[in-house]
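A structural walkthrough
Here are the chains, one letter per residue:
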Amino acid sequence: MPSHTFSVNGESVTVDAPGDMPLLWVLRDLLGITGPKYGCGIDVCKACTSHLDGKAVNPCVVPVADAEGREVTTIEGLADGDRLHPVQQAWLEEDVAQCGYCQPGQIMAAVALLREKRDPTDADIDAIANVCRCGTYFRIREAIKRAAANL
């Protein structure tokens, strides 16, 4: 079985897995990183949103071979020790989460958006395609605006 070496949340890892195995399964099943959630497996719900070299991706459809030599960041890698990322802090302050299942993916998508647009419009925020089954979209928008003001 081929080996794949890449970085996850700042730590180098090597995994033995078929190159076409979805990165999500490698993260969850082989590495025990459970922040990225399985929702659909076909890049629709985006509950698994993580970053690959700083860009939002959905590891349910990214083969592990595509991560070779690159940096993967999951929700577990956002905080700086005990200090939450500004988006995570805004999520708490705006009381966004209900069931919480989609929140890691929502937060990771918001971080990626704020890297590209420091002052996003409502339309920019609404273009985030992550699905929230509880319907907390208004609070998500408010949290992203709060985080943008605190970056």
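The paragraphs below set out a description of the structure included in this document. (Residues numbered from 1 in each chain as written. Predicted model: local features only at pLDDT ≥ 70, side-chain atom pairs only at ≥ 80, totals over all residues. Heavy atoms only, no water.)

So, about a nonpolar patch on the surface. Together, Trp25, Tyr38 and Tyr101 line one region of the surface with nonpolar side chains, adding up to about 270 Å² of accessible area. Since its relative accessible area comes to 36%, Tyr101 is described here as partly exposed. (Patch = residues over 30% accessible without salt bridge, like charges linked within 9 Å, V, L, I, M, F, W, Y side chains within 5 Å. Areas by Shrake-Rupley, 256 points an atom, 1.4 Å probe, with all protein chains shown as cover. Salt bridge = Lys/Arg side-chain N within 4 Å of Asp/Glu carboxyl O. Buried < 20%, exposed > 50% of the residue type's maximum accessible area, 1.4 Å probe, protein only.)

All right, on to the sheet that holds strand 3 (residues 50-52) then. If you trace the five strands from one edge of the open sheet to the other, you get 2-1-5-3-4, paired in mixed fashion. Each of the sheet's edge strands pairs with one partner strand only, and the pair in question is strand 2 (11-16) and strand 4 (55-57). Strand-to-strand twist in this sheet, taken as the mean axis angle between neighbours without regard to direction, amounts to 40 degrees. Summarising the sheet, strand 3 and strand 4 pair through three bridges and their orientation is antiparallel. Looking at the pairing, Ser50 lines up with Val57 of strand 4. (Pairing = 2+ DSSP bridges. Helix = DSSP H or I, 4+ residues; strand = E, 2+ residues; numbered from the N terminus. Axes fitted to C-alpha atoms, helices over the stretch in contact; angles between N-to-C directions.)

Following both chains from N to C, one finds helix 2 (residues 86-93) and helix 3 (residues 103-116) inclined at 125 degrees, their axes separated by 9 Å at the closest point. Relative to helix 3, the element helix 2 lies oblique. Our pair here, helix 2 against helix 3, has a crossing hand that is right-handed. Seen from helix 2, the contacting residues are Val87, Gln88 and Trp91; seen from helix 3, they are Gln103, Gln106, Ile107, Ala110, Val111 and Leu114. Classifying every residue of the contact of helix 2 with helix 3 gives six nonpolar, three polar and no charged. (Parallel < 35°, antiparallel > 145°, perpendicular 65-115°, else oblique. Left-handed = near helix turned anticlockwise from the far one by under 90°. Contact = heavy atoms within 4.5 Å. Nonpolar A, V, L, I, M, F, W, Y, C, P; charged D, E, K, R; others polar.)

Here Thr74 shows up in the loop between strand 5 (71-73) and helix 2. Overall, Thr74 belongs to the buried group, its relative accessible area being 0%. Ignoring any residue separated from it by four or fewer positions in sequence, one finds Thr74 in contact with Asn9, Leu27, Ile33, Pro36, Ser50 and Met108.

Okay, the side chain of Thr136 next. Among the secondary structure elements, Thr136 is positioned in the loop between helix 4 (122-126) and helix 5 (137-150). Setting aside residues up to four positions removed in sequence, Thr136 forms contacts with Val96, Gln98 and Gln103.

What follows deals with helix 5. Look at helix 5: 20 Å from first C-alpha to last across 14 residues, which is about the 20 Å you get at 1.5 Å a residue. Ile140, Ala143, Ile144, Ala147 and Ala148 are the residues of helix 5 that are buried. All buried residues of helix 5 lie within an arc of 140 degrees about the axis, which places them on one face of the element. Opposite its buried face, helix 5 presents the exposed residues Phe138, Ala149 and Asn150, each directed more than 90 degrees away. The elements touched by buried residues of helix 5 are helix 2, helix 3 and helix 4. (Expected span 1.5 Å × (residues − 1). Arc of directions from axis to C-beta.)

Further remarks concern the pairing of strand 2. For a regular strand, the rule is simple: side chains alternate between the two faces of the sheet. In this structure, strand 1 (residues 3-8) lies alongside strand 2, joined through six bridges in antiparallel fashion. Counted as the bridge partner of Ser7 is Ser12 from strand 2. Connecting the antiparallel pair strand 1 and strand 2 is a turn made up of two residues, with Asn9 showing a positive phi of about 50 degrees.

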